[in-house]
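Per-entry structural report
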Amino acid sequence: MTCAAPQFLFDFGSPNAYLSHEAIPAIETRTGMKFDYVPILLGGIFKATNNKSPAETLAGIKNKREFHAVETERFLKRFHVQPYVWNPFFPVNTLNLMRAAIAAQREGVFEKYVEAAFHHMWREPKKMDDPEVAMTALASSGLDAQKLFARAQEPEVKATLIRNTEDAVARGAFGSPTFFVGSEMFFGKEQLREVEEMVMGN
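Residues numbered from 1 in each chain as written. Predicted model: local features only at pLDDT ≥ 70, side-chain atom pairs only at ≥ 80, totals over all residues. Heavy atoms only, no water.

1. Quick notes on the packing of helix α6 (residues 110–122) against helix α7 (residues 131–140)
- At their nearest, the axes of α6 and α7 sit 10 Å apart, and the two run at 125° to each other. Taken together, α6 and α7 sit at an angle that is classed as oblique. Of the two elements, α6 crosses α7, and the hand of that crossing is right-handed. Contacts between α6 and α7 involve Y113, A116, A117 and H120 from the former and A137, L138 and S140 from the latter.
- Of the residues that constitute the contact of α6 with α7, the class distribution is 5 nonpolar, 2 polar and no charged. (Axes fitted to C-alpha atoms, helices over the stretch in contact; angles between N-to-C directions. Helix = DSSP H or I, 4+ residues; strand = E, 2+ residues; numbered from the N terminus. Parallel < 35°, antiparallel > 145°, perpendicular 65-115°, else oblique. Left-handed = near helix turned anticlockwise from the far one by under 90°. Contact = heavy atoms within 4.5 Å. Nonpolar A, V, L, I, M, F, W, Y, C, P; charged D, E, K, R; others polar.)

As structure tokens, this is what we get:
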């Protein structure tokens with residue numbers, strides 16, 4: 001087995017990042033390797049790489065959106081995960097949510113925060129770019145949302161998110177979900193199979 005822990009570069013605004021998050025625990029159990037979650041700002045990556053969201057890139061292209069739906073259905077069956085509930089407020093500006101993810105790392109509540117933020121984006125979707133809505137939702141999940149959002153405004157927290165995002169682009173990332181196993185990059189939830197194979201040394 002390879003010794004490189006797989007990295008998961010994510011933004012809460014990506015439904016495919018949510019589905020990846022749901023699939024990862026079973027992969028961790030099978031491989032015995034924990035994924036290293038790395039918060040990035042998808043808007044920053046799009047700007048740096050001149051990329052756009054699938055909502056834009058799939059628009060108006062015959063058969064592409066339909067295939068994406070088939071591909072997602074295959075993923076749900078393969079990894080035995082529940083589909084997301086479409087967020088009616090999409091696209092959601094995730095800047096504060098992603099900064100608060102960095103703050104949650106510093107506060108020692110990162111895993112709980114990630115679970116809660118994904119839940120309120122894609123299981124019980126809310127307008128998570130409204131600070132009051134977001135803080136109420138996160139507080140209902142047992143987090144000190146006010147403290148996290150206050151820390152999200154600290155210069156070092158902001159700088160860390162920028163650094164994570166710039167590092168991701170420098171390593172080749174252009175969207176989310178992106179995975180790294182050592183220097184090998186994988187893009188998209190469908191490549192989790194390849195990530196698992198590489199972690200297992202296949």
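2. Quick word on unusual backbone geometry
- Of note, the bond from F90 into P91 is cis; its omega dihedral lies within 30 degrees of zero at 0°.
- Omega for the peptide link from S176 to P177 comes to 10°, which places this bond in the cis form.
- Tracing the backbone shows P177 in the loop between α9 (155–170) and β3 (178–181).
- With a phi angle near 80°, N63 is a residue other than glycine that sits in the positive phi range.
- Locating N63 in the fold gives a position in the loop between α3 (54–57) and α4 (64–79).
- Here N63 falls in the partly exposed class, since its relative accessible area comes to 49%.
- Positive phi, normally seen in glycine, also occurs at H80, with a value near 55°.
- As for its placement among the helices and strands, H80 is situated in the loop between α4 and α5 (95–107). (Buried < 20%, exposed > 50% of the residue type's maximum accessible area, 1.4 Å probe, protein only.)

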